[in-house]
Amino acid sequence: MAPALLVFVMQVVVATASTGVTFKTLEWNVYYRNTNVQLLAASIMANNPQPDVIGLCELTTPVQDMANALTGAAGRAYAAQPGREVWQGYGTDIFYDAGRWEALEGGAVTAPCSSWGGPRASNWVVLRERLSGKILVTGGTHLSYCAGGCDAVQQCELRSLYSHLEAMKNKYPGSAVVWMGDMNQPKTTPMLNGAMQGDLGGYQGFPLDDVVETNQNTYMSGGPAIDYIFAERGSFQVKSSGTTGQGVTGQTLAGADHFPVYSVLTFAALSTEEVEDAVVSVTTIFVSLHALFSMQHKAALEKTTRTLRHDVLHA
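A brief look at the structure comes next.

### A short note on helix 2 (residues 37-45)
The complete set of buried residues in helix 2 reads Val 37, Leu 40, Ala 41, Ser 43, Ile 44 and Met 45. Looking at the packing, one finds that the buried side of helix 2 touches strand 1 (22-29), strand 2 (53-57), helix 3 (63-74) and strand 3 (78-80).

Set out below in structure tokens:
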């Protein structure tokens with residue numbers, strides 16, 4: 001029985017490592033004066049498949065109101081990230097499918113920068129997929145808009161975000177990062193292109209993949225995409241991505257002046273070495289438990305024998 005159980009556990013480990021976990025993310029700048037959470041939620045949930053993780057920029061209504069609206073529109077429970085009870089500035093508030101994901105921790109802080117157009121926030125949350133145990137570190141920010149450029153300010157805002165994302169990444173080994181937001185510029189600018197290589201102005205962060213990969217405008221008036229979903233380089237496979245197909249240039253969408261973007265991602269499969277390490281770990285744990293149970297079984301048998309011998313001798 002024990003060897004058969006061990007073989008089954010090994011098969012589960014290898015299958016999970018090789019197939020990965022697929023999920024959908026969506027990012028949308030909903031416009032700071034837009035308070036119609038019901039209409040926003042209906043627009044988000046009109047997408048098929050519906051998103052697992054949602055990042056909203058410029059949301060100024062209570063996050064629980066948005067979570068309730070998403071739940072009503074989807075017909076299943078969505079939750080707001082932990083640690084975002086009070087508005088901290090323009091960031092990317094995270095909402096997630098609470099039936100599929102468990103929030104381990106999260107937060108939101110005001111970036112300590114000389115931001116333009118109001119304070120900027122850094123949001124982060126650690127999500128664990130309930131079935132596989134895969135851990136996703138996610139969050140985001142909304143960079144300052146500066147018509148003439150303000151690289152130092154925007155790099156400061158990104159450093160603030162990275163300080164929290166990297167802390168969570170280091171705290172949860174094996175996790176991978178996806179973050180999102182309104183960058184207020186295309187990825188071809190020197191600042192954002194540099195950030196994608198990990199250059200945050202005197203600080204080296206992890207490099208990024210653009211997992212939306214669209215050439216379409218995400219701002220209602222046109223131009224290149226300025227809303228993004230970024231992933232830690234090499235950590236995910238992109239199954240599909242782009243704008244959601246909602247929105248008409250020159251018109252608002254559900255009261256928002258931006259159009260949503262999405263990406264369907266799969267955690268990158270483990271390397272052969274990582275699978276072998278997992279198998280060795282499972283085997284070690286199994287052998288240790290088997291030895292422990294065998295010792296306990298032997299001790300119980302000896303105790304029973306002593307009791308029977310005593311009863312026989314004193315009968």
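### Looking at the sheet that holds strand 5 (residues 101-110)
With respect to topology, 6 strands assemble into an open sheet ordered 5-6-7-8-10-9, the strand pairing being mixed. Strands at the two margins of the open sheet, each flanked by one partner only, are strand 5 and strand 9 (208-210). Neighbour-to-neighbour, the strand axes of this sheet turn through a mean angle of 20°, independent of strand direction. Contacting strand 5, strand 6 (121-129), strand 7 (135-140), strand 8 (176-182), strand 9 and strand 10 (227-232), helix 4 (residues 151-171) runs over the sheet at an angle of about 25° to strand 6.

### Let's talk about the pattern of salt bridges
One pass over the structure, following the stated rule, counts 9 salt bridges. Residue Arg 84 is joined to Asp 93 by a salt bridge in which the shortest nitrogen-to-oxygen separation is 2.8 Å. The exposure class of Asp 93 is buried, given its relative accessible area of 5%. Linked by salt bridges that have partners in common, Asp 52, Arg 100 and Glu 129 make up one network.

### Looking at unusual backbone geometry
Backbone geometry follows two general trends: most residues other than glycine have a negative phi, and most peptide bonds adopt the trans configuration. Going from Asn 48 to Pro 49, the amide bond is cis rather than trans, its omega being 0°. Within the fold, Pro 49 resides in the loop between helix 2 and strand 2. Despite not being glycine, Tyr 31 has its phi angle at roughly 80°, a positive value. In this fold, Tyr 31 is placed in the loop between strand 1 and helix 2. In the Ramachandran plot, Asn 184 falls in the positive-phi region, its phi being about 60° despite a non-glycine side chain. As for its position among the elements, Asn 184 is in the loop between strand 8 and helix 5 (190-196).

### Overview of the environment of Ala 41
On the secondary structure map, Ala 41 appears in helix 2. The exposure class of Ala 41 is buried, given its relative accessible area of 0%. As for Ala 41 and Ala 73, which are separated by 32 residues in sequence, their C-alpha atoms are 6.1 Å apart. Apart from the residues within four sequence positions on either side, Ala 41 is in contact with Met 66, Ala 69, Leu 70 and Ala 73.

### Quick look at the pairing of strand 1
Where burial is concerned, most of strand 1 is hidden: 7 out of the 8 residues are buried. Here strand 1 pairs with strand 12 (residues 261-267) via 6 bridges, running antiparallel. Across the sheet, the residue bridging to Glu 27 is Val 261, located in strand 12. One ladder, built from 5 bridges, connects strand 1 with strand 2; its direction is parallel. From the neighbouring strand, Trp 28 faces strand 2, where its bridge partner is Leu 56.

### Quick look at the packing of aromatic side chains
Summed over the entire model, instances satisfying the criterion amount to 11 aromatic pairs. Relative to Tyr 32, the ring of Tyr 31 lies with its centre 5.1 Å away and its plane at 65°, an arrangement referred to as edge-to-face. Taken together, the aromatic side chains of Tyr 162, Trp 179, Phe 206, Tyr 228 and Phe 230 make up a single cluster linked through ring pairs. A cation over an aromatic ring shows up here: Lys 24 above the ring of Tyr 262, its NZ or CZ 4.8 Å from the ring centre.

The rules we used
- Residues numbered from 1 in each chain as written.
- Predicted model: local features only at pLDDT ≥ 70, side-chain atom pairs only at ≥ 80, totals over all residues.
- Heavy atoms only, no water.
- Buried < 20%, exposed > 50% of the residue type's maximum accessible area, 1.4 Å probe, protein only.
- Helix = DSSP H or I, 4+ residues; strand = E, 2+ residues; numbered from the N terminus.
- Contact = heavy atoms within 4.5 Å.
- Pairing = 2+ DSSP bridges.
- Axes fitted to C-alpha atoms, helices over the stretch in contact; angles between N-to-C directions.
- Salt bridge = Lys/Arg side-chain N within 4 Å of Asp/Glu carboxyl O.
- Phe/Tyr/Trp six-rings, centres within 6.5 Å; stacked < 30°, edge-to-face > 60°.
- Lys NZ or Arg CZ within 6 Å of the ring centre and 35° of its normal.

These results come straight from atomic positions and should not be treated as a statement about function.
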